[in-house]
Amino acid sequence: MKTLLKLAFLLLPICLFAQENEVFERLHSKDLEQSLYISFDGTNFFYKSELSNPEKPFIKLTKGITRNFQIGNDDENTLQLFIQFYNPLTHQIKATTTESDDENFKALANFMENLSTNVGDFAEVSSISTKSDLPVIPELPQGLKKSKMSEAFLSLLLMIDEIVKVNEDDDKIDKTLDQMYESSPFMYNWIVKFKKGIKNTEDDSKIFTDPLYTKKFQDVVTTINGMKQVEDFLFRKLDEYNKNVPELIKAAHDDLRNVSVNDLKSFKEKLKDSKAKEAKLTKQLQTAKKNFSNIKNLLKEQEVAVTSFFNDDDEETEFKSEFHDLNNSTIGYLEAILGDKMQAHGTAIAKLKELNDKLTKYCEAYENNKYPTGYKLLEEDAFGFQYEKKRTYEIVGVKLNASGDEVATSKIANKFVVRKSQGRLAIFTSIGVFYTPFEYKNYGLLEGLVAETQGDPVYVRPAFYLNFLYRLKEGDIFYPMFQVGITQGIKTPMFPIGVGFTIRDKFSVTAGPLLAFQRELNTLEIGAMADDATLQDDLESRIRASFYISINFRL
């Protein structure tokens, strides 16, 4: 027997049964009680499983490396995935989730399928099949599409660019306006003509003698004075900020962009400033629209009232005709230049309001009383008893330029794989070889008498194993292991059941009892008289035990 054992070990082949790295990565999965908190600094992702200890730092995630987690709690193994606040004007983060088979449950299913196939009717065991069509896992997106919010940011920036271009064309006007003080460059000729007409009036004119005419004249002057506010709003720098409207809107946007990527407090302060600017601009826009409307109404609808201030003699007839022509040309001039400018400013302010409203809602999502301040719930999934899958969460971050476009070279991606917790256990299947001294008995007839003939020894046999690998509390070299296997022996199925250990993914040893089906005599005995039909009918299958040993290693 010793000679046979030595020979068997010499003949054992090199077997690639040794566990793959994936098994050990799964075995060393990080335990999650319920929550996973993700942080992003613009360059790398970090994670924490709990926030109760502020002194415990976030763990940096290596780019391109998949981290394994296992979830276990009394609430249907519910996982809550949170993302820390990040500046949406400088970065964009997208999370996707895919579902696939959990290797632990897949190993069990594969082994049961193999068991059913090998045992069949011979062992009189009910066929168990857990085979199911594997779900088609969709490919993860190769790139990120812009979110609706980033499109809104881009729309705002494009509007700002358009306004800045318009102002570049009006630089000459702005410089002239800055030099003219109370003079209006757009109504200068009209005002000069109007003043001349007033100065030419007789002392006994109604404008001086009739209180009603005097009031009308004062109203005209007040309306004309409103032109300064219109021009200040549309072209000049606003005194409080020393910036014109487009510059002020761009500054509000830039202040928000300049906040560090995950500083919620500073971002809210800058957002508050932006909303204050928006409110003041909105108020000034309303005033400018009102003043501009009054001026257009004065020129269009009240020309007769205005010219009624002038003398009625023949000499003034030609003057009034000239004033009429000037009045009409001024109307077209104002609407062409100031009207378009007013509309552009109104659109830009509306975009600023839209941005502020979106950012306000964005910040509110990170201040939900149900969750830690500064964190937003990304996903909430349950891994209940009936659930036999794993979920892969991919978090992708990209940098946005000032126009809201993605910077192609800035993509940062990390994956998290979450399974239902199996404690310190990992289950996997493998193919290996074993040695056993088990020998099948054979029976025949010798001169009409039942006799035991030469047996069929098994010695070395391949097997399909279901392995249970256990992780000790400390260390990552030595791992205890339990396994149960199935193989089609020379005649009947055999079941090696043993314990052992593995040294990382390099070397493993297992040994234990071997159960096999053996066809033996039932009522007949050795030496009994019988024919071949009687002998075959008397044989029945019985389970017999032996032992096995398996040594597997990887070069």
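Here we look at unusual backbone geometry
Most peptide bonds are trans, and most residues other than glycine sit at a negative phi. A positive phi angle, near 55 degrees, is found at Glu447, a position not held by glycine. One can find Glu447 in the loop between strand E11 (425–446) and strand E12 (449–470). Exposure remark for Glu447: the relative accessible area of 78% places this residue in the exposed category. Despite not being glycine, Tyr459 shows a phi value in the positive range, around 60 degrees. For Tyr459, the location among the structural elements is in strand E12.

Comments concerning the pattern of salt bridges
For side chains of opposite charge, pairing can occur when their charged atoms come near one another. Using the criterion set out here, one finds 25 salt bridges in the structure. The residue Glu103 makes a salt bridge to Arg419 at a minimum N-O spacing of 3.0 Å. Of this pair, Glu103 sits in helix H3 (residues 103–119) while Arg419 is found in strand E10 (residues 412–420), placing the two residues 316 residues apart along the sequence. Here Glu103 and Arg419 have matching classes, each one buried. Its salt-bridge partner being Glu354, residue Lys351 comes within 3.8 Å of it at the nearest N-O pair. Highlighted residues: Lys351 and Glu354, both in helix H12 (residues 314–364), separated by three residues, approximately one helical turn. Overall, the relative accessible area of 22% leaves Lys351 in the partly exposed class. Through salt bridges with shared partners, one network takes in Glu22, Arg26, Asp102, Glu103, Lys390 and Arg419.

Structural notes on the pairing of E10
Strand residues, when the strand is regular, have side chains that alternate between the two faces of the sheet. Counting buried residues in E10 gives seven out of nine residues, a clear majority hidden from the surface. Sheet topology note: the strand E5 (residues 66–71)/E10 ladder contains six bridges and is parallel. The residue of E10 that forms the bridge with Arg67 is Phe416. Where strand E9 (residues 389–399) lies against E10, seven bridges are found, and the strand directions are antiparallel.

Here we look at empty space enclosed by the protein
A complete count under the given rule lists four cavities of 30 Å³ or more for this structure. In this structure, the largest cavity encloses a volume near 60 Å³. Those elements that place two or more of their residues in the lining of the largest cavity are helix H2 (21–27), E5 and E10. Taken together, the residues of the lining of the largest cavity break down into three nonpolar, five polar and three charged.

Observations concerning the nonpolar core
In terms of nonpolar packing, the biggest core is built from 37 residues, with Met187, Trp190, Phe194, Leu334 and Leu338 touching the most fellow members. Counting only elements with at least two residues in this core, the list comes to helix H6 (188–199), helix H8 (211–235), helix H9 (245–257), helix H10 (264–301) and H12. No other element matches H12, which puts nine residues into this core. The residues contacting Phe194, other than those within four sequence positions of it, are Phe217, Val220, Val306, Phe309, Phe310 and Phe323.

Some remarks on the packing of aromatic side chains
In total, this model carries 24 aromatic pairs according to the counting rule given. Seen in terms of ring centroids, Phe434 and Tyr548 are 5.7 Å apart; in terms of plane orientation they differ by 75 degrees. Their pairing is edge-to-face. Taken together, the positions of Phe434 in strand E11 and Tyr548 in strand E16 (residues 540–553) put the pair 114 residues apart, joining distant regions of the chain. Residue Phe434 is classed as buried on the basis of its relative accessible area of 0%.

Describing the packing of H6 against H8
The description of two helices packed together rests on the angle between their axes and the distance between the axes. Direction vectors running N to C along H6 and H8 enclose 160 degrees, while the axes themselves pass 13 Å from each other. As far as their axial angle goes, H8 and H6 are roughly antiparallel. The handedness of the crossing between H6 and H8 comes out as left-handed. Here Trp190, Ile191, Phe194 and Ile198 of H6 lie close against H8, whose contacting residues are Phe217, Val220 and Ile224. For the contact of H6 with H8, the class distribution of residues is seven nonpolar, no polar and no charged.

Some details on the sheet that holds strand E2 (residues 35–40)
Hydrogen bonding along the main chain pairs the strands of a sheet, whether they run parallel or antiparallel. Reading across from one edge, E4-E3-E2-E6-E8 is the order of the five strands in this open sheet, with mixed pairing throughout. The open sheet terminates on both sides in strands that have one partner only, identified here as strand E4 (59–60) and strand E8 (375–382). As defined by bridge partners, E2 adjoins strand E3 (residues 45–48) across four bridges and the pair is classed as antiparallel. Bridge assignment links Phe40 to a residue of E3, and that residue is Phe45.

Notes on the environment of Lys94
Counting through the fold element by element, Lys94 comes out in strand E7 (residues 91–101). In this structure Lys94 comes out as partly exposed when scored by relative accessible area, which is 30%. In this structure, the C-alpha to C-alpha distance between Lys94 and Ile395, residues 301 residues apart in sequence, is 5.9 Å.

Thoughts on the sheet that holds strand E1 (residues 30–32)
Judged by pairing direction, the sheet is mixed, and its five strands sit side by side in the order E1-E5-E10-E9-E7 without closing on themselves. Sheet topology places E1 and E7 at the edges, where each strand pairs with a single neighbour. Each adjacent strand pair in this sheet contributes to an overall mean axis angle of 25 degrees, direction not counted. Pairing geometry for E1 and E5, over three bridges, is parallel. Directly across from Lys30, in E5, lies its bridge partner Phe69.

Examining the confidence of the model for the protein
Mean pLDDT over the protein stands at 82; residues scoring 70 or higher make up 82%. With pLDDT under 50 throughout, residues 1–19 is counted as low confidence; its partners more than four residues away or in other chains account for 39 contacts. Within the model, the stretch residues 121–181 combines pLDDT values under 50 with 99 contacts to residues more than four positions away or in other chains.

Details of H9
Taking 1.5 Å per residue as the helical rise, H9 with its 13 residues ought to reach 18 Å, and the 19 Å between its terminal C-alpha atoms agrees with that figure. If you check which residues of H9 are buried, you get Val245, Pro246, Leu248, Ile249, Ala251, Ala252, His253, Leu256 and Arg257. Between a side-chain oxygen at the N-terminus of H9 and the backbone nitrogen of Glu247 the separation is 2.9 Å; the capping residue is Asn244.

Here is what the cut-offs are and how they apply
- Residues numbered from 1 in each chain as written.
- Predicted model: local features only at pLDDT ≥ 70, side-chain atom pairs only at ≥ 80, totals over all residues.
- Heavy atoms only, no water.
- Helix = DSSP H or I, 4+ residues; strand = E, 2+ residues; numbered from the N terminus.
- Buried < 20%, exposed > 50% of the residue type's maximum accessible area, 1.4 Å probe, protein only.
- Salt bridge = Lys/Arg side-chain N within 4 Å of Asp/Glu carboxyl O.
- Pairing = 2+ DSSP bridges.
- 1 Å grid on protein atoms, 1.4 Å probe; cavity = no way out; pocket = protein on both sides within 12 Å on 5 of 7 lines; lining within 4 Å.
- Points joined across faces, edges and corners; volume = space filled by probe spheres on them.
- Nonpolar A, V, L, I, M, F, W, Y, C, P; charged D, E, K, R; others polar.
- Core = buried A, V, L, I, M, F, W, Y, C linked by side-chain atoms within 4.5 Å.
- Contact = heavy atoms within 4.5 Å.
- Phe/Tyr/Trp six-rings, centres within 6.5 Å; stacked < 30°, edge-to-face > 60°.
- Axes fitted to C-alpha atoms, helices over the stretch in contact; angles between N-to-C directions.
- Parallel < 35°, antiparallel > 145°, perpendicular 65-115°, else oblique.
- Left-handed = near helix turned anticlockwise from the far one by under 90°.
- pLDDT = per-residue confidence, 0-100.
- Expected span 1.5 Å × (residues − 1).
- Polar contact = N/O pair within 3.5 Å; in protein donor to acceptor, adjacent residues only side chain to side chain.

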